[in-house]
Amino acid sequence: EGYRLLKGGGRALDAVELAVRILEDDPSLNAGRGCSLNADGNAELDAMIMEGSSLRAGAVAGVAVQHPISLSRLVMERTM
């Protein structure tokens, strides 16, 4: 999906976020839904995203949201 977005003229940052969201939704991977749980049985997720041309970055740690990559992008866009 991310590659398709790029081929259609989309921005790299949008393609990266889309691709990672797909990975976060896959319960067979150790990310998002498939993550390892903490000692209390809860998910604590981390994510980071960076835009190379501007060197802007955003990150989150220990969050319990479905798509931490999108939250990290929001941090980047609202704080840099």
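## Examining the pattern of salt bridges
In total, this model carries six salt bridges according to the counting rule given. In this structure, the salt-bridge partner of Asp14 is Arg73, at a minimum N-O distance of 2.7 Å. Of this pair, Asp14 sits in helix α2 (residues 12-24) while Arg73 sits in helix α3 (residues 68-79), and the two are 59 residues apart along the sequence. Given a relative accessible area of 26%, Asp14 falls into the partly exposed group. For Arg73, a relative accessible area of 8% puts it in the buried group. Between Glu51 and Arg56 there is a salt bridge whose closest N-O contact spans 2.8 Å. Through salt bridges with shared partners, one network takes in Asp14, Glu17, Arg73 and Glu77.

## Side note on the confidence of the model for the protein chain
Reading fine detail from the predicted coordinates is not recommended where pLDDT is low. Counting all residues, the mean pLDDT for the protein chain is 94, and 99% of those residues have values of 70 or more. Ranking the elements of the protein chain by mean pLDDT puts helix α1 (residues 2-7) last with 94 and α3 first with 97.

## Thoughts on the packing of α2 against α3
Close contact between α2 and α3 brings their axes to 8 Å; oriented N to C, the two are set at 150 degrees. Taken together, the axis directions place α2 and α3 in an arrangement best described as roughly antiparallel. Contacts from Leu13, Asp14, Glu17, Val20, Arg21 and Glu24 of α2 reach α3 at Pro68, Ile69, Ser70, Arg73 and Met76. In terms of residue class, the contact of α2 with α3 is made up of five nonpolar, one polar and five charged.

## So, the side chain of Ser70
By the element assignment, Ser70 lies in helix α3. There is a polar contact of 2.6 Å between the side chain of Ser70 and the side chain of Glu17. Ignoring any residue separated from it by four or fewer positions in sequence, one finds Ser70 in contact with Glu17 and Arg21.

## Considerations on the environment of Val63
Note that Val63 resides in strand β2 (residues 56-63). Separated by 29 residues in sequence, Val63 and Gly34 have C-alpha atoms that sit 15 Å apart. Discounting residues that sit within four places of it in the chain, Val63 has contacts with Ala43, Glu44, Leu45, Pro68 and Leu71.

## Side note on the nonpolar core
Counting residues in hydrophobic clusters, the biggest one holds nine residues: Leu13, Cys35, Leu45, Ala47, Ile49, Val60, Val63, Ile69 and Met76. Secondary structure elements with two or more residues in this core: β1 (45-51), β2 and α3. When residues of this core are assigned to their parent elements, the largest contribution, three residues, is made by β1. Not counting residues up to four positions away in its chain, the partners in contact with Ile49 are Leu13, Val16, Glu17, Arg56, Ala57, Gly58, Ile69, Ser72, Arg73 and Met76.

The rules behind each value
- Residues numbered from 1 in each chain as written.
- Predicted model: local features only at pLDDT ≥ 70, side-chain atom pairs only at ≥ 80, totals over all residues.
- Heavy atoms only, no water.
- Salt bridge = Lys/Arg side-chain N within 4 Å of Asp/Glu carboxyl O.
- Helix = DSSP H or I, 4+ residues; strand = E, 2+ residues; numbered from the N terminus.
- Buried < 20%, exposed > 50% of the residue type's maximum accessible area, 1.4 Å probe, protein only.
- pLDDT = per-residue confidence, 0-100.
- Axes fitted to C-alpha atoms, helices over the stretch in contact; angles between N-to-C directions.
- Parallel < 35°, antiparallel > 145°, perpendicular 65-115°, else oblique.
- Contact = heavy atoms within 4.5 Å.
- Nonpolar A, V, L, I, M, F, W, Y, C, P; charged D, E, K, R; others polar.
- Polar contact = N/O pair within 3.5 Å; in protein donor to acceptor, adjacent residues only side chain to side chain.
- Core = buried A, V, L, I, M, F, W, Y, C linked by side-chain atoms within 4.5 Å.

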